[in-house]
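Coordinates in review
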Amino acid sequence: MNSNFLRNDMVLMAVFTLVVLTMPIWLAPIGAGYPDLLQKIAIYGIFAIGFNILFGLTGYLSFGHAAFLGVGSYAAVWTFKLLSMNVVPAIFFGVVIAGLFALFIGYVSLRRSGIYFSILTLAFAQMSYNLAYSVLTPITNGETGLQLSQNDPRVIDHALGIAESGLPAPSFFGIETIGWSGFYVCAVVLIIAFFLALRIFRSPFGMALRAIKSNQNRMNYTGFNTRPYTLAAFVVSGMYAGLAGSLLAVTDPLAGAERMQWTASGEVVLMTILGGAGTLLGPLLGAGIIKYFENIFSAYNERVLHEIFSGLPDSVENFVVSVTSLFVGEGWQLTLGLLFMLVVIFLPGGVMEGFRRLLKLFRREGPESPERAAQPAE
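Going along each chain's sequence as written, the residues are numbered from 1 onward. Reporting of local features is limited, given that this is a predicted model, to residues whose pLDDT is at least 70; pairs of side-chain atoms are given and counted only at 80 or more, and all residues count toward the totals for whole chains, interfaces and linings. Heavy atoms throughout the structure, all of them, feed into the side-chain values; hydrogens and water do not.

This next bit is on the overall build of the chain. Here a strand is any run of E in DSSP of at least two residues, a helix any run of H or I of at least four, and the numbering for each starts at the N terminus. Counting secondary structure elements, the chain contains 18 helices and four strands. Going through the 378 residues of the chain one by one, you find that 45% of them count as buried. Whether two residues touch is decided by their heavy atoms; if any such pair falls within 4.5 Å, the residues are in contact. Put simply, of all contacts in the chain between residues at least 6 apart along the chain, 74% involve residues at least 24 apart. Note on areas: Shrake-Rupley, 1.4 Å probe, and residue coverage restricted to the protein chains presented here. Within the structure as shown, the chain displays about 19,300 Å² of accessible surface, and the carbon and sulfur contribution to it stands at 67%. For the purpose of charge, His is not counted, nor are the chain termini; Lys and Arg are scored as positive and Asp and Glu as negative. The atoms used to mark charge sites are NZ of Lys, CZ of Arg, CG of Asp and CD of Glu. In the chain, the 21 positive side-chain charges and the 21 negative ones have mean positions that sit 16 Å from each other. Categorising residues by exposure relies on relative accessible area from a 1.4 Å probe, with only protein chains included: less than 20% of the type maximum marks a residue as buried, more than 50% marks it as exposed, and the intermediate range marks it as partly exposed.

In structure tokens, the structure reads:
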């Protein structure tokens, strides 16, 4: 690899690590500096980064990725129940089982492309969702969801003589993964997941995926077998989803079928497109924006709005509150929908395209370089 690219990647990783670990500080002024929301941003950021490997690089749009999110959650909770409350085995089995499930679904779905592939993945996800509610109730506990209990075997913990007082909580070698410690566990996993995605983007494998997205038929005509590459991208993407699902169980040891619903699959599509499909940072930005709207904007009910605009005359205050309440509180999805429309219309490349345009604008307005000034006019 070119030394300049390697140096740029090292700088990117250093900056990314610093930004992620200091999220509680720089997100606090906008009301997002508390652990529950930061955990969600980190977890769904991992989910979106993995989805971007399939959709952003390869161009295959999956409408059923939430199935792997749910499988990862179920596998993690079963690991807690059967083996140990340590999060490392739970994350490992969540990733592996989600990967195996993705291998099966990808092997079948990738026989088709385009909208047919998307519908197949949606069908598999909905079948998984309905099975979790009905036939697989002994494994998933149906509508109630899979939960921990004091009577769980936890053979590794009992063999090591780990004492339990009441209902146990997930831990990372004795550090409970709740609150701020839970956020930093998720943050470290996010940094590792981002690094792996960066290596995939820079590798020959990533370049092959870009070529498949550009013109898969032409690659097939040249004798290049694209199927192993698309299947590998699907499995890797499913393993990222399983990792996110297992982290959801790590921060809240409960697994329910609602995590496999089609709306969760649609949410990760929105995250990726909103931030910028095919970019490294875009899906994470999209996840942060959507989770911020979901958790912060939805909390601004009419009572809170009246407190914010209490300094206005009563008639003006009531009018402003009545208009604003359409876009916050229960109407937060309207604001998100308008934002998504604006991004798709004016910034097809997502939020990252907006950043690139601003960067070009500042460079154009900056002082001319001597080389550029010396060039003759055409």
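Angle between the axes and distance between the axes: these two values describe a pair of packed helices. At a minimum axis separation of 10 Å, helix α5 (residues 87-109) and helix α6 (residues 114-133) run at an interaxial angle of 140°. Compared by their axis directions, α5 and α6 come out oblique. Crossing geometry of α5 relative to α6 is assigned as right-handed. Across the interface between the two elements, Phe101, Phe104, Ile105, Val108 and Ser109 of α5 pack against Phe117, Leu120, Thr121, Phe124 and Ser128 of α6. For this scheme, ten residues count as nonpolar: Ala, Val, Leu, Ile, Met, Phe, Trp, Tyr, Cys and Pro. Four count as charged, namely Asp, Glu, Lys and Arg, and the remainder, Gly too, count as polar. Taken together, the residues of the contact of α5 with α6 break down into seven nonpolar, three polar and no charged. Under this scheme, a helix contributes an axis fitted over its contacting stretch, all axes are lines through C-alpha atoms, and angles between N-to-C directions fall in the 0 to 180 degree range. Convention used here: angles under 35 degrees read as roughly parallel, angles over 145 as roughly antiparallel, angles from 65 to 115 as roughly perpendicular, and any remaining angle as oblique. We call a crossing left-handed when the near helix sits turned anticlockwise from the far one by less than a right angle, and right-handed when that turn is clockwise.

Across its 14 residues, helix α13 (residues 282-295) extends 20 Å between first and last C-alpha, which sits within 8% of the 20 Å expected from 1.5 Å per residue. In terms of burial, α13 is largely enclosed, as eleven of its 14 residues are buried. Listing the buried residues of α13 in full gives Gly282, Pro283, Leu284, Gly286, Ala287, Gly288, Ile290, Lys291, Tyr292, Phe293 and Asn295. To estimate the expected span of a helix, count its residues, drop one, and scale the result by 1.5 Å.

In this section: the environment of Leu347. Tracing the chain through its elements places Leu347 in the loop between α16 (332-346) and α17 (351-365). C-alpha separation for the pair Leu347 and Leu270, spaced 77 residues apart in sequence, amounts to 14 Å. Among all residues touching Leu347, those that are not within four sequence positions of it are Leu342, Glu353, Gly354 and Arg357.

Here Thr177 is to be found in the loop between β3 (175-176) and α9 (179-202). Ignoring sequence-local partners within four residues, the contact set of Thr177 consists of Val87, Pro170, Ser171, Phe172, Gly182, Val185, Val250 and Thr251.

Before going further, it helps to examine the pattern of salt bridges. A pairing counts as a salt bridge when a side-chain nitrogen of Lys or Arg comes within 4 Å of a carboxyl oxygen of Asp or Glu. Under the defined criterion, the tally for this structure stands at eight salt bridges. The salt bridge involving Arg199 is made with Asp9; its shortest N-O contact spans 3.6 Å. Here Arg199 is found in helix α9, whereas its partner Asp9 is found in helix α1 (residues 3-21), with 190 residues between them in sequence. The shortest N-O distance in the salt bridge between Arg303 and Glu307 comes to 3.1 Å.

So, on to the packing of α1 against α9. One way to put it is that α1 packs onto α9 with a least axis distance of 10 Å and a crossing angle of 160°. In terms of orientation, α1 lies roughly antiparallel with respect to α9. The two elements α1 and α9 meet at a crossing, and its hand is right-handed. Contacts from Asp9, Leu12, Met13, Phe16, Thr17, Val20 and Leu21 in α1 reach Phe183, Tyr184, Ala187, Leu190, Ile191, Phe194, Phe195, Leu198, Arg199 and Arg202 in α9. Residue classes in the contact of α1 with α9 are distributed as 13 nonpolar, one polar and three charged.

Turning our eyes to something else, we now look at the nonpolar core. Ile46, Leu190 and Phe234 are the most contacted members of the largest nonpolar core, which has 90 residues in total. Among the elements that line this core, the one with the most residues is helix α3 (residues 35-58), at 15 residues. Throughout this description, the term nonpolar core refers to a set of buried Ala, Val, Leu, Ile, Met, Phe, Trp, Tyr and Cys residues connected via side-chain atoms within 4.5 Å.

A word on the confidence of the model for the chain. With 95% of its residues at a pLDDT of 70 or more, the chain shows a mean pLDDT of 90. Below pLDDT 50 for its whole length, residues 369-378 participates in one contact with residues either more than four positions away or in separate chains. The score called pLDDT rates the predictor's confidence residue by residue, from a low of 0 to a high of 100.

What follows concerns α1. Between its first and last C-alpha, α1 extends 27 Å over 19 residues, near the 27 Å set by a 1.5 Å rise per residue. Among the residues of α1, those classed as buried are Asp9, Met13, Phe16 and Val20. Along the long axis of α1, the arc covered by the buried residues comes to 70°, so they all point the same way. Of the exposed residues in α1, those oriented more than 90 degrees away from the buried face are Met10 and Leu18. Elements in contact with the buried residues of α1: α2 (23-26), α9 and α13. Throughout, the arc means the angular range of directions from the helix axis out to the C-beta atoms.

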